[in-house]
Amino acid sequence: MSTIKNVTVVGAGTMGNGIAQVFATHAFHVTLLDTNSAQLEKALATIQKNLDRLVTKETITAAQKETALAHLTTSTTLATAVSNADLVV
Amino acid sequence: MHFMNPVPIMKLVEIINGKETSAATSDTIVELSKVLLKVPCVVNDFPGFIANRILMPMINEAIYALHQGVATKESIDTIMKLGMAHPMGPLQLADFIGLDVCLSILEVLHEGFKEEKYAPCPLLISMVADKKLGVKSGAGFYTYGV
C-alpha cells in the first residue's frame, strides 16, 4: 500500500466525514472536499467530536487524535483537491 | 469503495469492480481496506451492489407488511430481531438510515432493473412526502427526542 498516501474524499456529508476520519486515523493525508464551506466546518467538528469520544473510551490516545487531525485538510475546489491525490473516494 | 454508516464503526467495505476495473486496481483497494482495518468484499457493478440490493427489498417488504396491517411495527421489528438475530428491526433500521435515503435507493433498484419487486411501498413514499424521514427529522416509524 506504499503507493497510496494522499486520499481525497468528495463530499463532506454523513459518509464523507466518516471516510475522512478513518483514512486520517490510519495516517493517510486526507483532503475533504465540499462545495459548501459550512458543511466542511460541520464535518470537521463532527470528526473532532468522534475522535474525542475515542480518546475518552481509550480506543486511541490524545496524540493519535492530534496526528489524525493533522492529516486532514479541507478544500472547496475539486481541481485543487484532486491535483495531488493517489486515490479519490 | 462503498463504506457503511457509521463509517468508523462498521467493518464492511464493498469494493465495486466496474467493467473497466483492472485486477491490479481491485487488489490495491482490497489491500488498502485491510490497512484501514476493514473487511473488504469484492462485488461487480450492478444497481445496489449487494448490501443495498438485499437490505432495501427487506425493508420495503417490512413497510408493505405494516401498510397492509399484517402486524404492528413493534411486532415486525421484534420478529426480525429475535427471529433472525438482526441487531435491530427493519423499520427501526430504516429510521436510522433515513426514509428519504431508503426511498432513493429503492428508486435506483426499480429504475435499474425495471422489476416491480423493487417498487417502493406507497407508505414509504407518503412518509417521505410528509417529511417523516426517521431519526434525523425526529419521526419516522417511531418518534425520537429532538
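Keep in mind that this is a model prediction, so the values were computed, not measured. (Residues numbered from 1 in each chain as written. Chains lettered and ligands numbered in written order. Predicted model: local features only at pLDDT ≥ 70, side-chain atom pairs only at ≥ 80, totals over all residues. Heavy atoms only, no water.)

(A) Layout of the overall build of chain A. Each helix and strand counted, chain A has four helices and four strands in total. Secondary structure elements in chain A, listed N-terminal to C-terminal, are β-α-β-α-α-β-α-β. Computed over its C-alpha atoms, the radius of gyration of chain A comes to 12 Å, within 12% of the 12 Å expected for a compact globule of 89 residues. Each of the three principal axes of chain A carries a C-alpha extent, and together these read 40 × 35 × 20 Å. Looking at chain A residue by residue over its 89 residues, the buried ones come to 38%. In the form shown here, chain A has an accessible surface area of approximately 4700 Å², with 54% of it arising from carbon and sulfur atoms. Within chain A, the 6 negative side-chain charges are centred at a point lying 6 Å from the centre of the 6 positive side-chain charges. (Helix = DSSP H or I, 4+ residues; strand = E, 2+ residues; numbered from the N terminus. Rg over C-alpha atoms; globule rule 2.2 N^0.38 Å. Buried < 20%, exposed > 50% of the residue type's maximum accessible area, 1.4 Å probe, protein only. Areas by Shrake-Rupley, 256 points an atom, 1.4 Å probe, with all protein chains shown as cover. Lys, Arg positive; Asp, Glu negative; His and termini not counted. Charge placed at Lys NZ, Arg CZ, Asp CG, Glu CD.)

(B) Summary view of the domain arrangement of chain B. According to the domain assignment, chain B contains domain 1 (2-44) and domain 2 (51-137). Computed from C-alpha coordinates alone, the two centres of domain 1 of chain B and domain 2 of chain B are separated by 26 Å. (Domains from an automatic or database assignment.)

(C) Local environment of the interface of chain A and chain B. Taken residue by residue, the interface counts 13 residues in chain A and 14 residues in chain B. At the junction of chain A and chain B, the tally comes to zero salt bridges. Taken together, the links from chain A to chain B amount to zero residue pairs in polar contact (both at pLDDT 80 or more). Among the elements that take part in the side of chain A that touches chain B, helix H1 (residues 14-25) of chain A stands out by supplying seven residues, more than any other. Looking at side-chain class alone, the side of chain A that touches chain B contains nine nonpolar, four polar and no charged residues. (Contact = heavy atoms within 4.5 Å. Salt bridge = Lys/Arg side-chain N within 4 Å of Asp/Glu carboxyl O. Polar contact = N/O pair within 3.5 Å; in protein donor to acceptor, adjacent residues only side chain to side chain. Nonpolar A, V, L, I, M, F, W, Y, C, P; charged D, E, K, R; others polar.)

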